[in-house]
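A structural walkthrough
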Amino acid sequence: MEKFKKRLTILNAVIEALIKGPETVKYPFGDLALPEGYRGKIEFDPDKCSGCGLCVRDCPADALQLNKKSREEYTLLYYPARCAYCGQCEDSCHHGAISHSNNLVGATTHKDDWVLVFKESKASQE
Amino acid sequence: MDKISIPIGPQHPLLKEPLSMMVDIAGEKVLGGSLRLGYVHRGIERLAQQRTYVQNVHLIERICGICSHVHTTAYCYAVEALLGIEIPPRAQYIRALMCELERIHSHLLWLGILAKHIGLETIFMHTWHDREMALDIMEEISGGRVSHAANQIGGVRFDLDEEHIDMIRGILKKLHSQVDGLVDIIETEPAAMARTKGVAPISPDMIKAYGVVGPVARASGVDIDLRRDAPLPPYDQLEVKVVTHPGGDAWARTFVRAEETRVSLNLCEKILEDLPEGDVSLRTPRRVPEGEVIIRAEAPRGELFYYLRSDGSDKPARLKVRTPTLATLSLLPVQLAEINVADIPVVLAGVDLCIACADR
Amino acid sequence: MKKFNILDLCIEIETKTSFHCEVYDGIHGDHTILIKPNQLKPVIDVILESFEYCHLSAITVQQRNDQPDEIEVFYNFWSGSGFSLMLKLPVESAKLPSIISTIPGADFYEREAAEMFGIEFTGRNETPPLLLPDDWDQGPPFIAKKEKNG
């Protein structure tokens, strides 16, 4: 009786595995279904940025750089290859200008010169 | 019989992380061994002196991939002790929930590795598949499977609403039944028992002399568990069942870790039941007043020791980390004497190596 | 394990070794006793006898920037609650007796302290580096380099 029960458990497990199919997703043809809070690609809203530099100060990976000439003239650069996707910039920004989407991060073959200009603000003309 | 020295590592199919061992064998018996560390030394303690307290939370998380949350928990509690603040109770419970989920995923990872080393490949596949359920919970609530970034100085970075709690309870129920099945198999499977009973016994005196901590110590009958002896909040309000076994051999180490997974699952359910209401974080100043603090936490592999000294600026003056694997590795050359060559994988699996932790 | 009391430990040490014990209360979380380097081995023998269970957690070493001429070494123990022994050494000629004959687990910690801070441990055959690479030639990484004048 015990042997019969054990064989039944094995048969159950085999049939279950055949029905369920593989666990892996054939990306990009399958749906990856990442959760909403997943820390993926960084999104930036230039209108909300004030050039205060709090995100630059708190980034642990030196992935953000602010070249500031005056209160209105500044450039904010972002280096995706250095970014650790930790979300500290999102927490530090008081204006909500920088945030994580739940898209997957892009890829590149040139890590060192991969830089995105998040905002380039010029001084207002008289 | 002539003595032959075999190098194992730094890259080797047995090892997940680089570790160099030189094992002396004669025939089928191992005579002894020595080991070399430092292949993944990144100088975390020195780097931490050059970054601010806020940046260090993310640096500390990357000391280890398997036990990343407990490292940041200990660091955040250390900084909060120097600041003289106590975080809200809801944040303490969420930190404990992530710690216990991490313990579950770490022990399931270990169970898969042990089964693979013995030769039971199917258990390895099933264990790592069920481990994905624990990682799914952590991904839903914190945003990352392995790098959770859950802690910040002053609390945690996310809150749990009703939907999250229902989802966690549902997955925990499924995980509990799967883990029960796996633990029953590994505790009664004749092949696993035959390969591990009587292998590399360690006596309690050796445990004390070498300063070994964690499940390896509990498997020799030494009753230490920091969740009960020096509890960080909220473990002082939770009752933790400490699992020990007097055997001291590889079978005892298997039993202790397998039972601890069950205890952690029960603790997770209790934490969700008792979760208090309130905020999840406090605002904290950037500069930390002068002082020194020592914090100990129970990582999945044992006692984690943090020493932090602040000199009044916004960067730490000294951060010292002593991870549990470093203590357990000092016993490895002694364990390697008097065993058979075929038992080397079993002994390595019993130690539950985390070389990234040991090297920092 | 019975409740730990730092004063009980001090009394034990003073009775058995006749060294005077000074309590240092700078560390939040662990009781600390300040001793001299030549008192290290007898005090550790007393500690191992006094407790039913006691293990060495870590050997922590640091150099304070406001006192660059000396190094502080802590031997951190755990026995139901944590306590430490504190020693101060001159940075130029830091020497300590090795305790690996009584506590073999201190081997890795002594090797790390030796390579990171330049401490010499007497009574051991050799103190090979633990973590730094073989071709490291820049001296102990944690000791502040002296500025060259002129």
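No experiment lies behind these values; they were computed from the predicted model shown.

With that settled, the discussion passes to empty space enclosed by the protein. In this approach the atoms are scanned with a rolling probe the size of a water molecule, which exposes any empty space left behind. All names here are of chain B. Counted according to the given criterion, the structure contains five cavities of 30 Å³ or more. In this structure, the largest cavity spans a volume of roughly 140 Å³. Every residue lining the largest cavity is counted, 19 residues in all, and those nearest its centre are Cys99, Leu232, Tyr235, Ala297 and Glu298. Broken down by secondary-structure element, the contributors of at least two residues to the lining of the largest cavity are helix H3 (68-83), helix H4 (89-118), helix H10 (226-229) and strand S6 (291-299). Looking at which element gives the most residues to the lining of the largest cavity, the answer is H4, with five residues. The residue inventory of the lining of the largest cavity, partitioned by class, reads twelve nonpolar, two polar and five charged.

Moving on to the environment of Lys320(B). Within the secondary structure, Lys320(B) is located in strand S8 (residues 316-322). Lys320(B) gets classed as buried once you look at its relative accessible area, which sits at 5%. For the pair Lys320(B) and Tyr307(B), spaced 13 residues apart in sequence, the C-alpha separation works out to 5.0 Å. Ignoring anything within four residues of it in the chain, the contact list for Lys320(B) reads Glu45(B), Phe305(B), Tyr306(B), Tyr307(B), Ala58(C), Ile59(C), Thr60(C) and Glu112(C).

With that out of the way, let us pick up the packing of aromatic side chains. All names here are of chain C. Counted by the stated rule, this structure contains six aromatic pairs over all chains. Ring geometry for Phe77 versus Phe83: centroids 5.5 Å apart, planes at 15°, classification stacked. Accessibility classification places Phe77 together with Phe83 in one group, the buried group. With a centroid separation of 5.2 Å and an interplanar angle of 20°, the aromatic rings of Phe117 and Phe142 are classed as stacked.

This paragraph deals with the interface of chain B and chain C. It is common to report an interface's size as the accessible area lost on association of the parts. Taken residue by residue, the interface counts 40 residues in chain B and 42 residues in chain C. Between the two partners, chain B and chain C, sit three salt bridges. The partner of Asp134(C) in a salt bridge is Arg36(B), with the nearest N and O atoms 3.2 Å apart. At the junction of chain B with chain C, the criterion picks out 15 residue pairs in polar contact (both at pLDDT 80 or more).

Within the structure shown, the criterion is met by 35 salt bridges over all chains. As a salt-bridge pair, Arg157(B) and Asp91(A) come within 2.7 Å of each other at their nearest N and O atoms. With Arg157(B) in the loop between strand S5 (155-156) and helix H6 (162-188) and Asp91(A) in helix H3 (residues 88-92), the pair connects residues from two separate chains. Taking the relative accessible area as the measure of exposure, Asp91(A) reaches 37% and is therefore partly exposed. Each member of the salt-bridge network shares a partner with another, and the members are Glu100(B), Arg103(B), Arg218(B), Asp225(B), Arg227(B), Glu260(B) and Glu298(B).

What follows concerns the layout of surface pockets. A volume near 1,300 Å³ is recorded for the largest pocket. Around the largest pocket sit 28 residues that line it, and Ala13(A), Thr122(B), His126(B), Leu182(B) and Ile185(B) are the ones nearest its centre. Listed by contribution, the elements that provide at least two residues to the lining of the largest pocket are helix H1 (2-20) of chain A together with helix H5 (121-142) and H6 of chain B. The class makeup of the residues in the lining of the largest pocket is eleven nonpolar, nine polar and eight charged.

Here Arg39(A) is to be found in the loop between H1 and strand S1 (42-44). One buried charged residue, Arg39(A), forms no salt bridge at all, with the nearest opposite charge on Glu61(B) at 5.9 Å. Within polar-contact distance, the side chain of Arg39(A) engages the backbone oxygen of His148(B) at 2.6 Å. When residues no more than four places from it in sequence are discounted, the contact partners of Arg39(A) are Tyr85(A), Cys86(A), Gly87(A), His100(A), Ser101(A), Ser142(B), Gly143(B), Gly144(B), Ser147(B), His148(B) and Ala149(B).

This paragraph deals with a negative patch on the surface. Taken together, the side chains of Glu36(A), Asp161(B), Glu162(B), Glu163(B), Asp166(B) and Glu277(B) make up a negatively charged region of the molecular surface. Look at Asp166(B) and you get partly exposed, because its relative accessible area is 48%.

Turning our eyes to something else, we now look at the pairing of S6(B). Burial analysis of S6(B) places eight of its nine residues in the buried class, the great majority of the element. Here nine bridges tie S6(B) to strand S7 (residues 302-310) of chain B, and the two strands are oriented antiparallel to one another. Within S7(B), the position partnered with Gly291(B) by the bridge is Ser310(B). In the sheet, S6(B) pairs with strand S2 (residues 27-28) of chain C via two bridges, with the strands oriented parallel. Its bridge partner lying in S2(C), Glu292(B) is registered against Ile27(C).

Residue and element names in this part refer to chain B. Helix length check: H3 (16 residues) gives 23 Å between terminal C-alpha atoms against 22 Å at 1.5 Å per residue, within 8%. H3 sits mainly inside the fold: 15 of its 16 residues count as buried. One or two steps after H3, the chain reaches Gly84, where phi turns positive at roughly 80°.

A word on the sheet that holds strand S2 (residues 64-68) of chain A. Residues and elements named next belong to chain A. Spatially, the three strands line up as an open sheet ordered S2-S3-S5, and their pairing is antiparallel. The open sheet has two edge strands, S2 and strand S5 (116-121), and neither has a second partner. When strand polarity is set aside, the average angle formed by the axes of neighbouring strands in this sheet is 10°. Across five bridges, strand S3 (residues 74-78) lies against S5 in antiparallel orientation. Looking at S5, one finds that Thr75 is bridged to Glu120.

What follows concerns the arrangement of the chains. Here two pairs of chains are in contact, and chains B and C lead that list by number of contacts. With no contact between them, chain A and chain C keep their nearest C-alpha atoms 22 Å apart.

Opposite the 18 residues of chain B that make contact, chain A presents 17 residues. In total, about 1,400 Å² of surface goes out of reach between chain B and chain A, with carbon and sulfur atoms giving 40% of it. Linking chain B with chain A are two salt bridges, by the criterion used here. The shortest N-O distance in the salt bridge between Arg286(B) and Asp58(A) comes to 2.7 Å. Across the contact surface, chain B and chain A share twelve residue pairs in polar contact (both at pLDDT 80 or more). Looking at the side of chain B that touches chain A, the elements with two or more residues in it are helix H2 (53-61) and H5 of chain B. Here the side of chain B that touches chain A gets four residues from one element, more than from any other, and that element is H5(B). When grouped by side-chain class, the residues that make up the side of chain B that touches chain A number two nonpolar, nine polar and seven charged.

Rules of the game
Residues numbered from 1 in each chain as written. Chains lettered and ligands numbered in written order. Predicted model: local features only at pLDDT ≥ 70, side-chain atom pairs only at ≥ 80, totals over all residues. Heavy atoms only, no water. 1 Å grid on protein atoms, 1.4 Å probe; cavity = no way out; pocket = protein on both sides within 12 Å on 5 of 7 lines; lining within 4 Å. Points joined across faces, edges and corners; volume = space filled by probe spheres on them. Helix = DSSP H or I, 4+ residues; strand = E, 2+ residues; numbered from the N terminus. Nonpolar A, V, L, I, M, F, W, Y, C, P; charged D, E, K, R; others polar. Buried < 20%, exposed > 50% of the residue type's maximum accessible area, 1.4 Å probe, protein only. Contact = heavy atoms within 4.5 Å. Phe/Tyr/Trp six-rings, centres within 6.5 Å; stacked < 30°, edge-to-face > 60°. Salt bridge = Lys/Arg side-chain N within 4 Å of Asp/Glu carboxyl O. Polar contact = N/O pair within 3.5 Å; in protein donor to acceptor, adjacent residues only side chain to side chain. Lys, Arg positive; Asp, Glu negative; His and termini not counted. Patch = residues over 30% accessible without salt bridge, like charges linked within 9 Å, V, L, I, M, F, W, Y side chains within 5 Å. Areas by Shrake-Rupley, 256 points an atom, 1.4 Å probe, with all protein chains shown as cover. Charge placed at Lys NZ, Arg CZ, Asp CG, Glu CD. Pairing = 2+ DSSP bridges. Expected span 1.5 Å × (residues − 1). Axes fitted to C-alpha atoms, helices over the stretch in contact; angles between N-to-C directions. Buried area = accessible area lost by both parts, 1.4 Å probe.

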